[in-house]
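Chain by chain, the residues:
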Amino acid sequence: MSKMIPTKHVDAHMGELVSDLQMLIRQPSVSAKNEGIEECAILVQKLLKKSGVKSEILRLKKGVAPIVYGEIKSKQNSKKTLMFYNHYDVQPAEPFDLWDDPPFSGTKKGNKIFGRGATDDKGELITRIKAVEACLKTTGDVPCNIKFVIEGEEETGSAHIEEYLRKYKKKFSCDGVIWEFGYVDAKNRPIIGLGMKGLLFVELSVKESIRDAHSSLAVLIKNPAWRLIEVVNTLRNSDGEVLIKDWYSEVSSFSKNDLKIIKNEPFDENVFKKEFGIKSFVGNKKGMDAKKALVGGATCNIAGFVSGYVGDGAKTVLPGSALVKIDFRLIPKMDPKKQVLRLKNHLKSKGFSDVGIRVYHGEAAARTDSSHPFVSQVKDAADKSFGKSILNVSNAGTGPMYPFVEILNAPCISIGSTYMFSRIHSPNEFARVDLLKKTTKCMCEIMINFGNS
Ligand SMILES: [Zn+2]
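Residues numbered from 1 in each chain as written. Predicted model: local features only at pLDDT ≥ 70, side-chain atom pairs only at ≥ 80, totals over all residues. Heavy atoms only, no water.

A closer look at the packing of helix α3 (residues 37-50) against helix α4 (residues 122-139)
For step 1, the next point in the chain: Viewed as axis vectors pointing N to C, α3 and α4 meet at an angle of 25°, and their least axial separation amounts to 11 Å. The orientation of α3 with respect to α4, classified from their angle, is roughly parallel. Regarding α3 and α4, the two cross each other, and that crossing is right-handed. Contacts between α3 and α4 involve Cys40, Val44, Leu47 and Leu48 from the first element and Lys122, Leu125, Ile126 and Ile129 from the second.
For step 2, the next point in the chain: When grouped by side-chain class, the residues that make up the contact of α3 with α4 number 7 nonpolar, no polar and 1 charged. (Axes fitted to C-alpha atoms, helices over the stretch in contact; angles between N-to-C directions. Helix = DSSP H or I, 4+ residues; strand = E, 2+ residues; numbered from the N terminus. Parallel < 35°, antiparallel > 145°, perpendicular 65-115°, else oblique. Left-handed = near helix turned anticlockwise from the far one by under 90°. Contact = heavy atoms within 4.5 Å. Nonpolar A, V, L, I, M, F, W, Y, C, P; charged D, E, K, R; others polar.)

Structure (structure tokens):
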């Protein structure tokens, strides 16, 4: 297999990469509003076919966005299968008036293509389709078997991805997954992410009286906001440690290799603090501790707290109820279902049986072992294509990586073209053409390394 595939052929087809991406952006596909979902799925299927990938539309049931599935078998190496996981849906474009160009116009200005989904995730998707196409056009083959799983509900929480993975477990079987996105930092270094944290989102509420009362009655009527503050205060200490019994029971510490990777990860504390206008971190963490927390720390975060009057001026009121929304970031081996039980037991044992609890969302963390050979294959490809790259033990955020790792039993790695300041989910989202190009080459190199292994 010619080592020249990526550079020569990707360069020759960059024009089409841009116009195909523009075409994708021009088809709105807002999952939150069920706008253009079917149309976009059909468009993606056509793009795959045009690039030489056999594709079909998979369905679960009515009302669930379809998955666009693509597959191409390698003639020279049919033993190893690489999956590209992506999504064709996008975030709503609102507020429209903050966009310089219409959000679904795909306007190109110099090195940038603007539009909702330009990077997240249509830009990422196009690099992978074009990488496969480049291989096919140059050699008439792909270096390993390729599968595309492109879902349409990622931006609303991937509610059915697990069901899809279970239903099509055989069809989707593979030896490695390239995750839907990957960040590129301000120094043009791609960040190779080996994991995602999990998430547990709950709402706790206290209802004391059937209506708000005059606050003079606070001598007799209990205030539910005070009650809820007492509750919340038992959940974690000021260093950020969760105080719920057995919360960390199953968690294991970082491996030696993980620690080495974390140590090598660039993190400028001062730039970070300046960005947010803050003076210190939780628990006064510094250096290695701050970096370890980002990749492997669990949290108990108050996302919102409401009770009583918070409008202009003064109002002497005694609220009848209080509510708090809390998100817990989970780390590997924390089972969301178990953690909910632990939270419930905690409330009961502390005498807070009157507190209502509603669970919105639970998702486990996933992490690929940093010593897995897939990691060095991807790292080598990224170094070759970008000149340099950074390994990251886990993203601080959450994504539905767990069911992939668990059901497909395959390692998952995130790498891509998402410039970290490309305004994803915000007005004027853009993709950088130079990064799309480098990422396309990188995807070719990954396929080659993976096929050769
Ligand atoms: Zn997104």
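Description of the pairing of strand β2 (residues 67-72)
Successive side chains on a regular strand alternate, one facing one side of the sheet and the next facing the other.
For step 1, the next point in the chain: Buried residues dominate β2, accounting for 6 of its 6 residues.
For step 2, the next point in the chain: In this structure, strand β1 (residues 54-58) lies alongside β2, joined through 5 bridges in antiparallel fashion. Residue pairing across strands places glutamate 56 opposite tyrosine 69, the latter belonging to β2. (Buried < 20%, exposed > 50% of the residue type's maximum accessible area, 1.4 Å probe, protein only. Pairing = 2+ DSSP bridges.)

Quick notes on the side chain of glutamate 180
For step 1, the next point in the chain: Structurally, glutamate 180 is set in the loop between β7 (176-178) and β8 (183-184).
For step 2, the next point in the chain: Buried charged residue glutamate 180 carries no salt bridge. Nearest counter-charge: arginine 128, at 7.2 Å. (Lys, Arg positive; Asp, Glu negative; His and termini not counted. Salt bridge = Lys/Arg side-chain N within 4 Å of Asp/Glu carboxyl O.)

Regarding helix α9 (residues 287-296)
For step 1, the next point in the chain: Along α9, the positions that sit buried rather than exposed are Ala290, Lys291, Val295 and Gly296.
For step 2, the next point in the chain: On its buried side, α9 packs onto α7 (256-264), β17 (366-367) and β18 (390-392).

Topic: the pattern of salt bridges
For step 1, the next point in the chain: Under the defined criterion, the tally for this structure stands at 25 salt bridges.
For step 2, the next point in the chain: A salt bridge links aspartate 101 to lysine 109, with the shortest nitrogen-to-oxygen separation between them at 2.7 Å.
For step 3, the next point in the chain: Look at aspartate 101 and you get buried, because its relative accessible area is 18%.
For step 4, the next point in the chain: Assessed through its relative accessible area of 42%, lysine 109 is described here as partly exposed.
For step 5, the next point in the chain: Two residues, glutamate 250 and lysine 338, come together in a salt bridge whose shortest N-O distance is 3.3 Å. You can see glutamate 250 sitting in the loop between α6 (224-233) and α7 and its partner lysine 338 sitting in helix α10 (residues 336-349), a full 88 residues away along the chain.
For step 6, the next point in the chain: Looking at glutamate 250, the relative accessible area reads 25%, which means it is partly exposed.
For step 7, the next point in the chain: What you see here is one network of salt bridges that share partners, running through Glu16, Asp20, Lys50, Lys130, Glu133 and Lys137.

Brief notes about the sheet that holds β2
For step 1, the next point in the chain: Judged by pairing direction, the sheet is mixed, and its 6 strands sit side by side in the order β1-β2-β6-β3-β7-β19 without closing on themselves. The two strands at the open ends of the sheet, each matched to only one other strand, are β1 and β19 (412-413).
For step 2, the next point in the chain: Relative to β19, β7 runs parallel, the two sharing 2 bridges. Note on β19: the bridge partner recorded for isoleucine 178 is isoleucine 413.

Some words on the nonpolar core
For step 1, the next point in the chain: Residues Leu82, Val132 and Ile146 are the most contacted members of the largest nonpolar core, which totals 65 residues.
For step 2, the next point in the chain: If you tally residues by element for this core, the top one is helix α13 (residues 433-452), at 9 residues.
For step 3, the next point in the chain: Core analysis: the next-biggest nonpolar cluster, separate from the first, contains 26 residues, Val231, Cys300, Ile326 and Leu347 among them. (Core = buried A, V, L, I, M, F, W, Y, C linked by side-chain atoms within 4.5 Å.)

Overview of the coordination of the zinc ion
For step 1, the next point in the chain: Surrounding the zinc ion are the protein donor atoms Asp120 (OD), Glu155 (OE), Glu155 (OE) and His425 (NE2), which sit 1.9 to 2.6 Å from the metal.
For step 2, the next point in the chain: Coordination at the zinc ion is irregular: its 4 donor atoms span angles of 54 to 141° at the metal.
For step 3, the next point in the chain: Look at where the donors of the zinc ion fall in the sequence and you get D-x34-E-x269-H. Note that aspartate 120 is positioned in the loop between β5 (112-114) and α4 and histidine 425 in the loop between β20 (418-419) and β21 (430-432), a separation of 305 residues in sequence.
For step 4, the next point in the chain: When its relative accessible area of 8% is taken as the criterion, aspartate 120 is described as buried. (Donors = N, O, S within 2.8 Å, 3.2 Å for Na, K, Ca; no water. Tetrahedral: all angles 85-135°; square planar, octahedral: opposite > 155°, others 65-115°.)

Thoughts on the sheet that holds strand β4 (residues 108-109)
For step 1, the next point in the chain: The sheet built from 3 strands is open, its strands ordered β4-β5-β21 with antiparallel pairing. Of all strands in the sheet, those bounded by a partner on one side alone are β4 and β21.
For step 2, the next point in the chain: Of the strand pairs in this sheet, β5 and β21 are connected by 3 bridges, and their pairing is antiparallel. What sits directly across from lysine 112, in β21, is arginine 432.
For step 3, the next point in the chain: Contacting β4, β5 and β21, α13 runs over the sheet at an angle of about 60° to β21.

Describing the domain arrangement of the protein chain
By a widely used convention, the size of an interface equals the accessible area lost when the partners come together.
For step 1, the next point in the chain: What the domain assignment lists for the protein chain is domain 1 (5-196 + 366-452) and domain 2 (198-251 + 298-363).
For step 2, the next point in the chain: A separation of 38 Å is found between the C-alpha centroids of domain 1 and domain 2.
For step 3, the next point in the chain: Across the contact, 7 residues belong to domain 1 and 5 residues belong to domain 2.
For step 4, the next point in the chain: Buried surface at the junction of domain 1 and domain 2, both sides included, amounts to about 490 Å², of which 50% is carbon and sulfur.
For step 5, the next point in the chain: Along the contact surface separating domain 1 from domain 2 lie 0 salt bridges.
For step 6, the next point in the chain: At the junction of domain 1 with domain 2, the criterion picks out 2 residue pairs in polar contact (both at pLDDT 80 or more).
For step 7, the next point in the chain: The residue makeup of the side of domain 1 that touches domain 2, split by class, is 3 nonpolar, 3 polar and 1 charged. (Domains from an automatic or database assignment. Buried area = accessible area lost by both parts, 1.4 Å probe. Polar contact = N/O pair within 3.5 Å; in protein donor to acceptor, adjacent residues only side chain to side chain.)

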